[in-house]
Every structure is written in C-alpha cells, then in structure tokens.
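# Fold and contact review
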Amino acid sequence: MELSVLGQNDAGHHSAGGCSSGSCGSTDDQLSHLPDHIREKVHNHPCYSEEAHHYFARMHVAVAPACNIQCHYCNRKYDCANESRPGVVSELLHPDQAVKKVKAVAATIPQMTVLGIAGPGDPLANPERTFETFRQLSEQAPDIKLCVSTNGLALPDCVDELAKHNIDHVTITINCVDPEVGAKIYPWIYWNNKRIRGVKAAKILIERQQKGLEMLVERGILVKVNSVLIPGVNDEHLKEVSRIVKAKGAFLHNVMPLIAEAEHGTFYGVMGQRSPEPEELQDLQDACAGDMNMMRHCRQCRADAVGLLGEDRGDEFTMDKIEEMDIDYEAAMVKRAVIHAAIKEELDEKAAKKARLAGMKAPQLGDEALGKGYRPVLMAVATSGGGLINQHYGHATEFLVYEASPSGVRFIGHRKVEQFCVGNDTCGEKESALSGGVRALKGCETVLCSKIGYEPWGLLEAAGIQPNGEHAMEPIEEAVMAVYQEMIAAGRLDQDQTALRANA
Amino acid sequence: MALKIVESCVNCWACVDVCPSEAIYESSPHFKINAHKCTECEDDYAEKQCASICPIEGAILLADGSPANPPGSLTGIPPERLDEAMREIQAR
C-alpha cells in the first residue's frame with residue numbers, strides 16, 4: 001500500500017520490523033519521520049511517543065460509565081482495585097469532581113501533560129459528562145492536552161463537538177473491518193433505540209468507526225487505532241485492519257494482547273479463549289509495521305489511571321484526599337512550564353546524541369560481524385523512567401524488552417510481572433513474585449537492572465537468563481548494544497542461531 | 001405498569017440517559033425507576049429503552065417480575081458454563 005499520509009521512510013530500510021535506522025530503539029524513531037505538525041502534537045504525549053512515555057505522565061478520569069456496545073473481553077460488573085486494565089475503575093466521578101482531580105494531579109505531578117477520558121464505559125456514549133469535563137478543563141487548565149478513546153459507534157455524531165473543545169487526539173478501538181469477524185467479538189450494540197445483535201450489529205459498528213475515522217482525519221485531528229489481538233478470531237485479520245486504517249489516515253496503530261481470565265467473568269475468559277503469547281503479539285506487530293507506525297509501549301491502563309505509563313498513583317488522589325488539597329492552579333502552571341521545558345531540553349539533547357550515534361553504531365560491530373548475521377537477542381530492562389537502567393530487579397513490576405541485532409537496538413514491548421490479586425478469594429491464587437518475574441522474562445537472555453538480590457539471581461540463571469547489574473544508570477539502548485557486543489565477543493552468538501526463539 | 005431495577009445494577013447511567021420519561025433516578029445502593037413515571041416506553045419506542053441498553057442480565061425486571069434480560073442473553077455465556085467456571089474458581 002502506498003503511504004500517502006504518513007510519509008514513512010523508504011520501506012527498503014526495514015528489516016524484521018518497523019525499525020528504520022541502525023540505532024532504531026523504538027517506535028519513536030518512526031515518529032521522527034512524521035510531519036512536524038504531528039510530531040509537535042505528540043512529543044510530550046506518553047501514549048503516542050515511546051520516548052515521551054519515559055518522561056511524561058498521563059491520567060484518566062472516570063466520568064463515562066455508560067456504554068452503547070458489549071465486547072466479549074469486557075465485563076461491566078468488574079471492579080477490583082488490584083487489577084489494571086481498561087474498563088476497570090474504583091471511583092466514578094462527576095465532571096466537577098473530575099476537574100478538581102485533574103488540577104490536583106497536575107499540580108502534584110507536573111510531568112502530567114495529558115488528560116484522557118477512556119471510560120469505564122464509552123466516553124462518547126456519555127456525551128454530556130464527557131464534554132462538560134473537557135469544556136471546564138480547556139478553560140481552567142489550558143496547559144493540559146485532552147484526548148478521548150471510543151469504540152466509534154457514536155463518533156460521527158461527536159466529531160464537531162470534539163473539534164470545538166480542541167481535542168486533537170482520539171483513539172478508536174477497531175478490532176475488525178469484516179462484520180463476520182465482528183460478530184465473534186461484539187454480541188450486541190445499542191443503536192437507534194434498539195438492541196441489535198450479530199453480524200448486523202457488527203456491520204453498523206464497523207461503518208460508524210470507519211466514518212468517524214475519516215471525519216476526524218478531514219478535520220486534522222490525530223487518530224490512533226487500538227486493536228485487541230484475539231487469537232483465532234482476528235489475528236490474521238488485523239493486518240488488513242492496519243492497512244485500511246493507515247490508508248484512511250490514522251497515524252499510529254496499537255495492537256494489544258487480549259486479557260482473558262475466567263475470574264474476570266468476561267465471555268472470552270469464561271469460555272476459555274486464550275490470550276496471545278508475547279511472541280505472537282510481536283510477530284503481528286512486526287507484520288503490520290511494514291505498513292504502519294506501531295505502538296509497542298501500551299500498558300493497557302485503567303480508566304482511572306494516574307502517573308507514568310506502567311505506574312498507577314490513583315490511590316494518592318481519591319476524592320476524599322483531593323477535597324483536602326488546596327490547589328493554586330495559576331502557580332502550578334508556572335512550575336509545570338518550567339519542568340516541561342527542562343524535560344524538552346533533555347529530550348532534545350538525547351535526540352541529538354542519538355543522531356550522532358546513529359552513524360557509528362552499526363559499524364561498531366564491524367563488517368565482518370554484520371556479515372556473520374548474528375541472531376537477534378531479546379533483553380529485559382528494569383527502569384523507573386528517564387530512559388535509564390535505574391531500577392532494582394526486585395522493585396520492577398514490569399520489564400521493558402529490547403531486541404539487539406547486528407542492525408541495532410529496537411524496543412519490542414513490556415512484560416508485566418504478574419501480581420496476583422489478594423483482594424478477595426475469587427481473584428485467583430497468590431504466587432511468589434520471584435517465580436512470576438522469571439516467567440515474565442520468557443524468551444529474554446539477559447535482564448539489565450541497577451541491582452539484584454542473591455535469590456532471584458540464582459533463579460534467573462537456572463532459567464537461562466543472565467542477570468546483569470553492570471550497566472546501572474546507563475541509557476538503555478546503549479547498554480543493550482554494549483551487552484550484545486559483549487555476547488558476540490564472548491562467542492555466545494556463534495553457536496546455536498535459532499535456539500532462543502524456538503524455546504520461547 | 002412499570003419496570004424495576006434490582007440489586008445487580010452496577011450504576012452505569014446508561015438507562016438514565018435513554019429513558020424517554022425521565023423515570024430513572026440516582027439512588028443508593030443503585031438506580032431506581034419511579035413507577036408513576038415509567039410508561040414502559042409504550043408510546044415512544046418499540047423496545048423498552050432501559051432494558052435495551054442495560055449491560056447486566058437480570059438487573060431490570062419486567063412488570064410481571066421476570067428479568068428483561070435473562071441469564072446468557074447479553075453476554076452469550078451459557079448459564080451452566082458460567083456456573084461451572086464460578087465453581088472452579090471458588091474451589092481454588
């Protein structure tokens with residue numbers, strides 16, 4: 001497919017995935033090929049820019065409880081404070097409360113640049129609550145970017161209102177473009193005052209999503225498309241989805257793994273539909289990447305999440321705590337501007353450094369090494385932000401996974417350390433965090449962290465994963481490349497070229 | 001004649017927004033229907049609106065006391081399969 005909108009770089013440079021340059025570390029490098037006006041819009045948006053998500057934080061406010069469709073991966077009854085996934089919230093807010101909360105968070109966490117409304121239902125099925133929140137925020141907190149995510153059914157009716165509130169980022173969840181596939185994902189929709197089921201329902205939903213996408217693009221509003229990868233249902237089909245949404249002008253595609261556990265009470269969970277393995281997700285993202293900018297750093301956060309991606313500081317901002325805070329937002333905005341400028345400066349420096357390194361990194365391996373075609377290696381990294389290896393292994397609730405290969409380093413995705421709910425006895429069994437960490441790192445050969453304890457070290461080694469604390473406080477991508485070069489020098493990549501992926 | 005909301009309601013507001021008679025109101029522990037105002041949408045729509053958008057099986061009762069959306073009708077999960085899954089989870 002010709003790339004009329006995104007102007008992505010020459011496809012000939014692409015290797016296995018979306019990586020476009022020798023030093024490619026992430027989807028962010030792909031963003032760097034976007035037109036300036038789009039880059040300007042996303043440079044500080046943690047959900048759209050992989051680079052930004054190390055520095056900037058986001059929050060969601062749960063003002064939109066109603067939904068107009070049912071998805072087979074969602075259960076509207078579910079609410080557990082220990083779960084982190086879309087559609088789940090602990091405290092529903094009225095618009096006035098939401099505005100208060102946003103200002104309190106923005107004053108306390110100045111890195112918070114983005115406010116999203118994502119549920120717990122569909123924001124555009126709650127137009128009054130959603131737009132009242134946006135209206136107040138655009139007046140009272142003009143330094144915060146506003147965005148919204150939707151299933152798309154009500155989207156065409158809301159596009160003008162979205163444009164009016166200066167919302168320049170919209171996420172549409174599009175799981176299919178074929179109603180037959182859709183009928184396996186959506187049991188019903190509420191449309192024109194009727195509950196409609198099956199293929200007919202899916203056809204209406206798909207038409208509305210596509211129309212909404214076109215209308216947003218016409219108005220210059222940035223559109224990201226989210227898709228849930230459901231093995232055996234839409235896995236192959238998502239390649240077509242990716243091609244179509246790109247052709248229509250979506251600028252980023254985020255394929256997320258299905259979350260399905262029987263204890264969530266969802267159709268897929270109860271019926272035993274499996275979730276994809278990390279490798280399946282990566283392969284599909286790579287397959288789509290030839291056509292589309294892929295997002296790989298999504299954490300599938302809750303509809304009331306607060307903080308950097310991967311962290312949730314929602315507990316600090318419950319309504320009873322917010323009521324007691326005295327927020328001077330004018331003063332907060334001044335402080336925020338200073339901090340945003342400092343982060344931007346740091347990012348610019350980093351980008352300049354990256355550009356300098358880009359020309360030298362691959363050759364560092366030597367032509368001989370390149371010629372040998374060393375296999376790629378997956379490495380896990382423990383980081384608490386800032387793009388550095390700066391987290392203790394035992395403190396990591398998730399790891400970032402990078403792939404090192406002769407052509408450079410690229411970001412693959414994140415792995416959560418499964419933390420089992422201890423809230424009540426229906427939430428599944430507890431499990432030691434130690435073995436959970438090892439399991440999360442399946443397929444990785446090394447884990448880089450600032451420090452690591454004796455016990456996990458042994459467990460990791462026994463599982464064939466080499467712990468490495470020698471690159472503490474170093475920039476992630478440089479450290480990953482250094483370790484890869486050490487592995488080559490030690491002859492570890494000479495032997496078995498395919499063992500790892502096969503075992504994974 | 002009126003519909004009734006019962007305790008399995010999750011307070012999602014969907015019904016409030018679509019009721020043509022403004023018969024549904026916020027209440028604790030869950031939303032309620034004012035029986036004097038509820039018309040069962042008779043003159044307005046072919047389908048009872050609250051029952052058509054409600055995502056929770058059994059949360060809205062018809063005038064005869066039967067669920068507007070019986071078990072399995074919205075999620076597509078056969079009730080016996082759900083029972084089985086719940087038994088399995090509880091036995092862990």
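As the structure is a prediction and not an experimental result, all values here were calculated from the model.

The rules we used
- Residues numbered from 1 in each chain as written.
- Chains lettered and ligands numbered in written order.
- Predicted model: local features only at pLDDT ≥ 70, side-chain atom pairs only at ≥ 80, totals over all residues.
- Helix = DSSP H or I, 4+ residues; strand = E, 2+ residues; numbered from the N terminus.
- Buried ≥ 20, exposed ≤ 12 C-beta atoms within 10 Å, placed from the backbone.
- Contact = placed C-beta atoms within 7 Å.
- Pairing = 2+ DSSP bridges.
- Nonpolar A, V, L, I, M, F, W, Y, C, P; charged D, E, K, R; others polar.
- Axes fitted to C-alpha atoms, helices over the stretch in contact; angles between N-to-C directions.
- Parallel < 35°, antiparallel > 145°, perpendicular 65-115°, else oblique.
- Left-handed = near helix turned anticlockwise from the far one by under 90°.
- Core = buried A, V, L, I, M, F, W, Y, C linked by C-beta atoms within 7 Å.
- Right-handed = clockwise from strand over helix to strand, strands pointing away.
- pLDDT = per-residue confidence, 0-100.

## What to know about the overall build of chain A
Along the backbone of chain A there are 17 helices and 15 strands. Residues counted as buried form 49% of the 504 residues belonging to chain A. When contacts within chain A are restricted to residue pairs at least 6 apart in sequence, those whose partners lie at least 24 apart make up 71%.

## What about the overall build of chain B?
For chain B, the helix and strand inventory stands at 3 helices and 4 strands. Across chain B, helices and strands are ordered from the amino to the carboxyl terminus as β-α-β-β-α-β-α. The dimensions of chain B, computed from C-alpha atoms along their principal axes, are 50 × 30 × 20 Å. In chain B, buried positions account for 32% of the 92 residues. Contacts in chain B between residues at least 24 apart in sequence constitute 47% of all its contacts with a sequence separation of at least 6.

## Topic: the sheet that holds strand β7 (residues 194-197) of chain A
Here we have 3 strands laid out as an open sheet, ordered β2-β6-β7 (chain A), and antiparallel in their pairing. Two strands lie at the open edges of the sheet, namely β2 (69-70) and β7 of chain A, each paired on one side alone.

## Section: the interface of chain A and chain B
Facing the 23 residues of chain A at the interface are 23 residues of chain B. Where the side of chain A that touches chain B is concerned, the elements lending two or more residues are β6 (188-191), β7 and α9 (267-271) of chain A. When residues in the side of chain A that touches chain B are grouped by element, the largest group, 3 residues, is from α9 of chain A. Residues of the side of chain A that touches chain B, tallied by class, amount to 10 nonpolar, 7 polar and 6 charged.

## Description of unusual backbone geometry
Residue Gly119 of chain A is joined to Pro120 of chain A through a cis peptide bond whose omega torsion reads 15°. Here Pro120 of chain A shows up in the loop between β3 (112-117) and α4 (127-140). Going from Ser28 of chain B to Pro29 of chain B, the amide bond is cis rather than trans, its omega being 0°. Of note, Pro29 of chain B is situated in the loop between β2 (24-25) and β3 (32-33). A positive phi angle is found at Asn192 of chain A, which is not glycine, with a value near 50°. Along the chain, Asn192 of chain A falls in the loop between β6 and β7. The residue Glu22 of chain B is not glycine, and still its phi comes out positive at about 50°. Here Glu22 of chain B lies in the loop between α1 (14-18) and β2.

## So, the pairing of strand β1 (residues 57-60) of chain A
Each regular strand displays side chains that alternate between the two surfaces of the sheet. Residues and elements named next belong to chain A. Judged by which residues are buried, β1 turns out to be covered on both faces: Ala57 and Met59 on one side and Arg58 and His60 on the other are all buried. In the sheet, β1 pairs with β3 via 4 bridges, with the strands oriented parallel. Residue Met59 lies in a different strand from β3, and its bridge partner there is Leu115.

## Some details on the sheet that holds β1 of chain A
Residues and elements named next belong to chain A. In spatial order, the strands read β9-β8-β5-β4-β3-β1-β10; together these 7 strands make up an open sheet with mixed pairing. The open sheet has two free edges, formed respectively by β9 (252-257) and β10 (306-307), since each of these has just one partner strand. Pairing analysis gives 5 bridges linking strand β5 (residues 169-173) to strand β8 (residues 222-229), with the strands arranged parallel. When the sheet's bridge partners are listed, Thr173 is paired in β8 with Asn226. Strands β5 and β8 of the sheet are contacted by helix α7 (residues 198-218), whose axis makes an angle of about 165° with β5.

## A short note on the packing of helix α5 (residues 155-164) of chain A against α7 of chain A
All names here are of chain A. Close contact between α5 and α7 brings their axes to 8 Å; oriented N to C, the two are set at 20°. The angle between the axes of α5 and α7 places the two elements in the roughly parallel class. Helix-helix and strand crossings are classified by hand; for α5 and α7 the assignment is right-handed. Here Leu155, Pro156 and Val159 of α5 come into contact with α7, specifically with Arg208, Gln209, Lys211, Gly212, Met215 and Leu216. When its residues are assigned to classes, the contact of α5 with α7 shows 5 nonpolar, 2 polar and 2 charged.

## Some thoughts on the nonpolar core
One finds Val61, Val102, Val105 and Val223 of chain A together with Ala14, Cys15 and Cys50 of chain B to be the most contacted residues of the largest nonpolar core, which totals 114 residues. Take this core: its biggest share by element is 7 residues, from helix α3 (residues 95-108) of chain A. Once residues within four sequence positions are removed from consideration, Ala14 of chain B is found in contact with Ala66 and Cys67 of chain A together with Ile53 and Cys54 of chain B. Ranked by size, the runner-up nonpolar core spans 31 residues in total, among them Val377, Ala396, Phe399 and Ala479 of chain A.

## Overview of the pairing of strand β4 (residues 145-150) of chain A
Residue and element names in this part refer to chain A. Burial within β4 is extensive, with 5 of its 6 residues counted as buried. In this view, the connection linking β3 to its parallel neighbour β4 by way of α4 has right-handed handedness. Here β4 pairs with β5 via 4 bridges, running parallel. Across the sheet, the residue bridging to Val148 is Val170, located in β5. Crossover handedness for the path β4 to α5 to β5: right-handed.

## Quick word on the confidence of the model for chain A
Residues and elements named next belong to chain A. Per-residue confidence for chain A averages 81 on the pLDDT scale, and 81% of its residues sit at or above 70. Between residues 420-431, whose pLDDT stays under 50, and residues either more than four places distant or in other chains, the model counts 24 contacts. Throughout residues 497-504 the model reports pLDDT below 50, and contacts reaching past four residues in sequence, or to other chains, amount to 7 contacts.

## Considering the packing of α3 of chain A against α4 of chain A
Relative orientation and spacing of two packed helices are given, respectively, by the angle between their axes and the distance between those axes. All names here are of chain A. Running from N to C, α3 and α4 point in directions that differ by 40°, and their axes come no closer than 9 Å. Of the possible angle classes, the one that applies to α3 and α4 is oblique. The way α3 lies across α4 gives a crossing that is right-handed. Along its contact with α3, which presents Pro95, Ala98, Val99, Val102 and Lys103, the element α4 presents Arg129, Glu132, Thr133, Gln136, Leu137 and Gln140. Partitioning the contact of α3 with α4 into residue classes produces 5 nonpolar, 3 polar and 3 charged.

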